[in-house]
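Notes for the structure review
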Amino acid sequence: MSDNQSWNSSGSEEDLEPKEEYGQAAGVAEFSGVLSKWTNYIHGWQDRWVVLKNNTLSYYKSQDETEYGCRGSLCLSKAVITPHEFDECRLDISVNDSVWYLRAHDPYHRNQWIDSIELHRNLRAGRTERAGVLGSVLIPPAPVDSGYGSESSLRRHGSMLSLISATSGYSATSTSSFKKGHSLREKLAEMETFRDILCRQVDTLQKYFDSCADAESRDELQRDKIMEDDEDDFPSTRTDGEFLHNNNGSREKLFQTLSLKGINGIDFKGEAITFKATTAGILATLTHCIDLMVKREDSWQKRLEKEMEKRRRIEESYKSALTELKKKSHFGGPDYEEGPNSLINEDEFFDAVEAALDRQDKMEEQCQTEKTRVQRSSPVPPGDVYSSSGSHRFADKVEEMVQNHMTYSLQDVGGDANWQLVVEEGEMKVYRREVEENGIVLDPLKATHSVKGVTGHEVCHFFWDTAYRNDWETTIENFSIVETLSDNAMIVYQTHKRVWPASQRDVLYLSAMRKIVTNNENDPDTWLVCNFSVDHDDAQVSSRCVRAKINIAMICQTLVSPPEGDKEISRDNLLCKITYVANVNPGGWAPASVLRAVAKREYPKFLKRFTSYVQEKTAGKPILF
C-alpha cells in the first residue's frame, strides 16, 4: 500500500480515503454561527455556537469556549436534514437515534446552513466513492479456515503424502479444538503412531515391489539373450561365471537365480499381515474418533441451539429497547410539547402531565422527610398598616379588587347551579364553574376550609410574605420581588416548574394584604390577600415561558370560642374560616380536559399543604390576631 493511501481497520466505508484528498476537505469553507438548539424539555431552546467543518457539525456553549472542546458533534455522512414543516427558521438533523433540533434567526440563515451542510456532504460522498474503489483493489479478502483444517484436507486422499498431511491436521487440532476431550486426544495420538508404522511398512513394501520390478526387468533381458543363443546354438557366459546351456534345465536354473536375487531379505507375508493389522487398527481408531465427534457434535449442536435461542431473545430485547429509545428521544422533542401543531394527542398529553406530577410529588415527599425546615421569621407590621391600600400608583386598583372579592367571593355557592362541587374532604370543599373563552379554560375555582388553632391574620401573613414561600409552595421554580410598593403591597415575578409536555408558565402579579374591619361588633374582622396580574417594564414577556394571568384571593375570618372560666384564650379556642378563590387564564394550547384535571388534583393538595404548614409554624407561638 502506498503512502498516499490509508485503510481504517474498522472497515467503515466512510473512513476509507486517500490521504492526498484531505486537502480537498480543508478547501471547503468552514461555516459557523449562532443557532438555537433544543436542549431538553426543562430548559427548552438555548443559543449555541455551531461549527461546520470537515463534514462534521459540532456545537459549543459559546464562541469563547471553542478552545475547551465541543459539547457534541454529528458526522453528516449519513445524516438526514429536515426543514421544519411549519417553523421557517428551524431544521432538524438526525443520525440514527440522535436528533438535533436547531433554529436560525431567520429563514435566510436557515437556508444558508442547509446549503453549507449539503456542500460538505456531497464532497465527502465523492471522496468516499473513489476511496471505496481503491480499497477494494488493494485489500483482497482473507481466506477462511476452521479449527479442523480446510475442507479439502478432510476428504478421501489418494496418496501417501495426502494421508500424512491429513493426519498432521488431526494432530494439530488435537491440542486446540478438543482441549476437553481427553479420549479423542488419545485416539488421535494412536492415529499418529499408526501413521508412523504404516509409513515404514509402505516404505518396506515399496522396496520389495521395486526389487521385484528390477528382477523382472533383468529376467526379461536375459530371456531375450538366451533365446538368441538358442537360435545360434551357441552357449553364453554370465559375468558371474555360470555357464548356461541351451537346454531347459539350465534355463530354469538361470531364471530361479535371477528372481530370488535382492529380495530374500524381505518377509513379504509378514509385512502384508502387519500392514493389514495396521490398517485395521487405523480403521477402528477412525471409527472411534467418528463416534466421539458425533457425540461431541450432538453436544455442540444443543449448545448452539441454546446460544441461538439466547441470541434471538437478546435481539428481540434490543429491538424493543431501541424502539422505546426512539420513542423517548423523539417524544421529548419540541414537536411533542404544547403548541398549535403538537404531534401529541390529548390522551398522551394527559398521561404525560399526570406522570410528571406524580414524579414531582414523590420528590417533594422525599425532600420533606430528609430536610428540616429552617426556622424563619420576619417582622410583622402593626395591624393598622393593612387597613388601607396605601398611596402607590396601583392603590386604586388594589382597592377595587379588594371590594370585588369582599362582595362576590364571600357569597354562598350552595344555591348557585353554575357552581359544581368537585372535591369534598372533611371540612374542605372545592367548587368549580366551567368557563371557556376562545378555547382556553378559564374555570373559576372556589374552596372553603376550616382550620383549628390559627388566626386569619396568621394565615394571610404566611400566604403573603415571600420569606416563607418556598416552604409550602412546591410548584414554583424561582421568584423575585420586582418592586415593593408599600408595607403591604409588592409586585412579584415567579416562574413555575415545567410539567412536560406543557410549556413553562410565568406570572407577574401584584400581591396586597389587607385587613377589613367589620362594622358589626358581632362579626369578625376579615383578613385578605389578593394577587392579580399587572404589567411591569422590568419583567417583560419572554418566548421561554407562557405568561399566565391570575386573579386570586385568600380571605380569612377568625372565630373565637369563649374559654372556660377565667382561662386565657388559647389556640384550642381558635377556628379560622378560609375562602380561597382563583381565576386563572393559563394561556397557551393545553387541552381543556388536562387543565381541569390538574386543577381538580392540585388545588386541594395545595390548600391542605399550606394550612398544615401554618399550623406547624404557629404551634406554641403567641397568637397573632
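Here the structure is a predicted model, which is why all the values come from computation and not from measurement.

1. Notes on the pairing of strand 18 (residues 526-533)
For strand 18, the buried fraction is high: 7 of the 8 residues fall into the buried class. The sheet contact formed by strand 17 (residues 505-516) and strand 18 spans 8 bridges and is antiparallel. Each bridged residue has a counterpart across the sheet, and for Ile-516 the counterpart in strand 18 is Thr-526. Both strand 18 and strand 20 (residues 549-560) contribute to a ladder of 7 bridges, which runs antiparallel. Bridging across to strand 20, Trp-527 finds its partner in Cys-556.

2. Some remarks on a nonpolar patch on the surface
On the surface, a nonpolar cluster with roughly 270 Å² of combined accessible area is contributed by Val-560, Ile-569 and Phe-625. By secondary structure assignment, the location of Val-560 is in strand 20. Residue classification places Val-560 among the partly exposed positions, given a relative accessible area of 41%.

3. A few points about the state of the cysteines
A full pass over the atoms with the stated rule returns 0 disulfides. Counting only cysteine sulfurs, Cys-460 is the nearest neighbor of Cys-556, a cysteine outside any disulfide, at a range of 3.8 Å. Judged by its relative accessible area of 0%, Cys-556 is buried.

4. Some points on the nonpolar core
The biggest cluster of nonpolar side chains holds 36 residues, and the ones touching the most others in it are Val-459, Phe-463, Met-554, Tyr-580, Phe-606 and Phe-610. When sequence neighbours within four positions are dropped, the list of residues in contact with Phe-463 reads Arg-469, Trp-472, Val-529, Asn-531, Met-554, Tyr-580, Phe-606 and Phe-610.

5. Quick look at the sheet that holds strand 1 (residues 31-40)
The strand order across the open sheet formed by 7 strands is 4-3-2-1-7-6-5, and the pairing between neighbours is antiparallel. Of all strands in the sheet, those bounded by a partner on one side alone are strand 4 (72-75) and strand 5 (80-83). When the angles between neighbouring strand axes are averaged without regard to direction, this sheet yields 35 degrees. The pairing of strand 1 with strand 7 (residues 98-103) spans 2 bridges and is antiparallel. Considered in strand 7, the bridge of Lys-37 is made with Leu-102.

What counts and how
- Position numbers for residues count from 1 along each chain, tracking the sequence in the order it is written.
- Reporting in this predicted model follows two pLDDT cut-offs: at least 70 for local features of residues, and 80 or more for side-chain atom pairs to be given and counted; totals over whole chains, interfaces and linings ignore these cut-offs and use all residues.
- The basis for the side-chain values is all heavy atoms of the structure; hydrogens and waters are excluded.
- Only protein chains enter the accessibility calculation, which uses a 1.4 Å probe; a residue whose area is less than 20% of its type maximum is buried, one above 50% is exposed, and one in between is partly exposed.
- Per the convention used, a helix needs a DSSP run of H or I reaching at least four residues, while a strand needs a run of E reaching at least two, with both numbered from the N terminus.
- Note on pairing: DSSP must find at least two bridges between two strands before they are called paired.
- A residue counts toward a patch only above 30% relative accessible area and without a salt bridge, and it is joined to like-charged neighbours within 9 Å or, for Val, Leu, Ile, Met, Phe, Trp and Tyr, to nonpolar neighbours within 5 Å.
- Every accessible area reported is derived by Shrake-Rupley at a probe size of 1.4 Å, with residue values counting cover from the shown protein chains alone.
- Take a side-chain nitrogen of Lys or Arg and a carboxyl oxygen of Asp or Glu: if they are within 4 Å of each other, that pair is a salt bridge.
- By definition, disulfides here are pairs of cysteine sulfur atoms that lie within 2.5 Å.
- For our purposes a nonpolar core is just a set of buried Ala, Val, Leu, Ile, Met, Phe, Trp, Tyr and Cys residues, chained together by side-chain atoms within 4.5 Å.
- Between two residues, a contact is recorded if the distance between any of their heavy atoms is within 4.5 Å.
- For every element, the axis is a line fit to its C-alpha atoms; helices are fit only across the contacting stretch, and the angle between N-to-C directions ranges from 0 to 180 degrees.

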